[in-house]
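# Inside the fold
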Amino acid sequence: MWLLLTVELKGIVFIIQSQSNSFHSKRAEDLKRDILKQAADLGKELPTVLLIHQMDGHEGAWTILPLMRDFSVTYGRNSSWIFFCEEDTRIQVVKLLETLGRFDGSKEWFLGKALYDEESTIIHHYAFAENPTVFKFPDFAAGWALSIPLVNKLAKKLKSEPLKSDFTIDLKHEIALYIWQRGEGPHLTPVPEFCTDDVNSYKVEHCATTFSNFLPLCGEPVKKEDVFVAVKTCRKFHGDRIPVVKQTWEREAALIEYYSDYADISIPTIDLGIPNTDRGHCGKTFAILERFSNHSSPRTPWLVVVDDDTLISIFRLRKLLSCYDPNEPVFLGERYGYGLGTGGYSYITGGGGMVFSRIAVQKLLASKCRCYSMDAPDDMVLGMCFSGLGIPITHSPLFHQARPMDYPKGYLSHQIPVSFHKHWNIDPVKVYFTWLAPNTEESLNGKKVRYNREDL
């Protein structure tokens, strides 16, 4: 058995989907050490363990598909599997070897824990609208694997047909679509041993992988006064969106200002002197950054910019921010990509909330990188500017550009979310108290309220 394990272990390339921010890179290094220690304890030759952020100066390395040709050239002859995981995935190496051993590595395999959409959703461009449950894609948190023959096939395809998609919005879905190749490629094969249950759960005896199911906390949460919240709004939404903020999360923020195209003292809003635009809002966002830099207390290290229809837990965000060094240029939120197959850039999508350390704002403003038009997409311009400055954006899956029902239930089940976005076809107050309130039971108008996530 040990001989069989070594052959397989040597043949596995572990790829940790890591990030260069110091908090994340440390977690990825810890996982790498753990994998190598388990391998050493077996007394056999060590596998290759790579961190994605160290592999390539290419901005789009995190999207994985552009790396397939490198994987094929480097590992295509002497390896059998490439196993991908997140920094918080926990791996039982022996069980992983046993699990992969059930599959014939000379064939094309795409293995993972299957997610699927219950309804067609905007973040997947309404794919498989007639029956979205038919298309399965991997939950990265549980780990996922490609057999080398499939890697070689993908590398060959990428050589003849470069990636076309302009936008990377939900990588796990887009990778599965690319592999599926309109039905000609393999479907995802669900593997029950790839799990997202917490390592301490009674359910994990059979699991080769588990997931640290918690909101990171690295000491005391940052103080309320250390987070300045800027809400972007405009006159036409003062009456319907701002009351939702006031009913839900405003009370969690010690420092909050509402920026509009009209000064309304009842809220109050601040008129930045920037006319409202129907889209983009780049001019408004840069005016907010200038105001934070010049008029807020220099002792306030964090700025959060949200839309007036963003639902956010400042309480949870303060816990999360305890893990980041405000002396580093940090730009944090949900990561999207633009043109990454052809040297584009990553950006933080605005609706889920954009978090900046003060030093990141200062470096940005000092750079003179600005909007090419007042209604340019602010989040994309910011991504382009930070990319030009060599400041990486930092992704957290706890921020969400869409509503809870736009994500698979299995994906949200191992999250403690920080934000959701949009009021469309939902009761936003209900969504807040169900998903984001500091307690599952929260007082609303003097009454205790409790909602069931399954209803939303």
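Given the structure is predicted, the values throughout are model-derived calculations rather than measurements. (Residues numbered from 1 in each chain as written. Predicted model: local features only at pLDDT ≥ 70, side-chain atom pairs only at ≥ 80, totals over all residues. Heavy atoms only, no water.)

## Notes on the overall build of the protein
- Scanning the protein from terminus to terminus reveals 14 helices and 24 strands.
- Since a compact globule built from 456 residues should have a radius of gyration of about 23 Å, the 23 Å found for the protein is in line with a globular shape.
- With the C-alpha coordinates of the protein rotated into their principal frame, the extents come out at 75 × 50 × 45 Å.
- Going through the 456 residues of the protein one by one, you find that 55% of them count as buried.
- Within the protein, residue pairs in contact and separated by at least 24 positions form 73% of the contacts whose partners lie at least 6 positions apart. (Helix = DSSP H or I, 4+ residues; strand = E, 2+ residues; numbered from the N terminus. Rg over C-alpha atoms; globule rule 2.2 N^0.38 Å. Buried < 20%, exposed > 50% of the residue type's maximum accessible area, 1.4 Å probe, protein only. Contact = heavy atoms within 4.5 Å.)

## Here we look at the packing of helix α9 (residues 282-295) against helix α12 (residues 378-389)
- Close contact between α9 and α12 brings their axes to 8 Å; oriented N to C, the two are set at 60°. In terms of orientation, α9 and α12 fall into the oblique class. Counting all contacts with α9, which are made through Cys282, Thr285, Phe286 and Leu289, the residues of α12 involved are Asp378, Val381, Leu382 and Cys385.
- The residue makeup of the contact of α9 with α12, split by class, is six nonpolar, one polar and one charged. (Axes fitted to C-alpha atoms, helices over the stretch in contact; angles between N-to-C directions. Parallel < 35°, antiparallel > 145°, perpendicular 65-115°, else oblique. Nonpolar A, V, L, I, M, F, W, Y, C, P; charged D, E, K, R; others polar.)

## Section: the UniProt feature "domain: Fringe-like glycosyltransferase" (unreviewed entry) in the protein
- Per the UniProt record, "domain: Fringe-like glycosyltransferase" (unreviewed entry) is found at residues 75-159 and 221-431.
- End C-alpha to end C-alpha, residues 75-159 measures 17 Å, and it is 25% helix and 24% strand.
- The straight-line gap between the two end C-alpha atoms of residues 221-431 is 24 Å; of that span, 27% is helix and 21% is strand. (UniProt positions renumbered as here; feature names shortened; annotations may be inferred.)

## Description of unusual backbone geometry
- In the segment running from isoleucine 267 into proline 268, the intervening peptide bond is cis, with an omega of -10°.
- Inspection of the secondary structure assignment puts proline 268 in the loop between β13 (255-260) and β14 (269-271).
- Despite not being glycine, tyrosine 126 shows a phi value in the positive range, around 55°.
- Looking at where tyrosine 126 falls in the secondary structure, it is placed in the loop between β6 (114-115) and β7 (137-138).
- When its relative accessible area of 42% is taken as the criterion, tyrosine 126 is described as partly exposed.
- Unusually for a residue other than glycine, histidine 281 sits at a positive phi of about 60°.
- Among the secondary structure elements, histidine 281 is positioned in the loop between β14 and α9.

## Overview of the pattern of salt bridges
- Scanning the model with the defined rule gives 21 salt bridges in all.
- A salt bridge links glutamate 250 to lysine 246; the nearest nitrogen and oxygen atoms lie 2.7 Å apart.
- Bridged by salt links that share partners, the residues Lys26, Asp30 and Arg33 form one connected network. (Salt bridge = Lys/Arg side-chain N within 4 Å of Asp/Glu carboxyl O.)

## Quick notes on the state of the cysteines
- For the structure on display, the rule yields four disulfides.
- The disulfide partner of cysteine 195 is cysteine 207, and the gap between their sulfur atoms is 2.0 Å. Measuring the twist about the S-S bond at about -95°, one finds the cysteine 195-cysteine 207 disulfide to be left-handed. Here cysteine 195 is found in the loop between β10 (189-190) and β11 (209-211), whereas its partner cysteine 207 is found in the loop between β10 and β11, with 12 residues between them in sequence.
- With relative accessibility at 1%, the residue cysteine 207 sits in the buried group.
- At a sulfur-sulfur separation of 2.1 Å, the disulfide partner of cysteine 369 is cysteine 385. The disulfide joining cysteine 369 to cysteine 385 has a torsion of about -80° about its S-S bond and is therefore left-handed. With a gap of 16 residues between them, cysteine 369 in the loop between α11 (358-366) and α12 and cysteine 385 in helix α12 connect regions that are remote in the sequence.
- Under the relative-accessibility criterion, cysteine 369 is labelled partly exposed at 23%.
- Should the bonded cysteines of the protein be numbered as they appear in the sequence, the pairing reads 1-2, 3-5, 4-7, 6-8. (Disulfide = S-S within 2.5 Å.)

## Observations regarding the environment of proline 329
- Mapped onto the elements of the fold, proline 329 is located in the loop between α10 (314-321) and β17 (331-333).
- Separated by 74 residues in sequence, proline 329 and leucine 255 place their C-alpha atoms 21 Å apart.
- If we ignore the near neighbours within four places in the chain, the residues touching proline 329 are Ser357, Ile359, Ala360, Lys363 and Ile391.

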